Amino acid sequence: HFHRHLISDTKSRTGIWLIAAAILPISIYGGYFGVGFGFMLLSFLSFSNIHDMHKINALKNAGTFIISVVTTIVLLGSGLIDWEHGISMAIGCGIGGFYGAHVAQRFSSHFIRLFILFVGVVSVVFLFFKNY
């Protein structure tokens, strides 16, 4: 199903491999740092043939969950995970993702796109002035 939406020619298998190759560096970044990963994934997915922002957001949430689980498994024995903070953040992200998706359903895709753009720009400006 996802494959059908991402490439226009369903006979071509190269499209899905190009997408996988392009998303790999974003996924590695998201798995290790995580900061801004949701924005990057939303931006990446907005180049697909999926125009409904709610579907893109659902794919982003699923992708973020998968990356988090894989990263946790990979880093499990490394001692790099701060479990005290990590578990509370995971619970908060799960609750926020679940209820945020329900709240977002009340708004149009256009409004959601504008809101995401607004939050992204405000975040960049805030971080710029905070650090420079």
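Everything that follows concerns the structure shown earlier in this document.
The notes below deal with the structure included here. (Residues numbered from 1 in each chain as written. Predicted model: local features only at pLDDT ≥ 70, side-chain atom pairs only at ≥ 80, totals over all residues. Heavy atoms only, no water.)

1. Examining the overall build of the chain
Counting secondary structure elements, the chain contains six helices and zero strands. Taken from N to C terminus, the helices and strands of the chain fall in the order α-α-α-α-α-α. In the chain, buried positions account for 22% of the 132 residues. Summarising the internal contacts of the chain: among those between residues at least 6 apart in sequence, 49% fall at separations of at least 24. As displayed, the chain offers around 9,800 Å² of accessible surface, 72% of which is attributable to carbon and sulfur atoms. (Helix = DSSP H or I, 4+ residues; strand = E, 2+ residues; numbered from the N terminus. Buried < 20%, exposed > 50% of the residue type's maximum accessible area, 1.4 Å probe, protein only. Contact = heavy atoms within 4.5 Å. Areas by Shrake-Rupley, 256 points an atom, 1.4 Å probe, with all protein chains shown as cover.)

2. Here we look at the nonpolar core
In terms of nonpolar packing, the biggest core is built from 12 residues, these being Ile26, Phe37, Leu41, Leu42, Leu45, Ile50, Met53, Ile56, Ile67, Ala104, Ile112 and Ile116. Of all the secondary structure elements, the ones that give two or more residues to this core are α3 (37-45), α4 (53-75) and α6 (109-131). By residue number, the principal contributor to this core is α3, which donates four residues. Once residues within four sequence positions are removed from consideration, Leu41 is found in contact with Ile23, Lys60, Gly63 and Thr64. (Core = buried A, V, L, I, M, F, W, Y, C linked by side-chain atoms within 4.5 Å.)

Interpretation note: all reported values are geometric properties and have no functional meaning in isolation.
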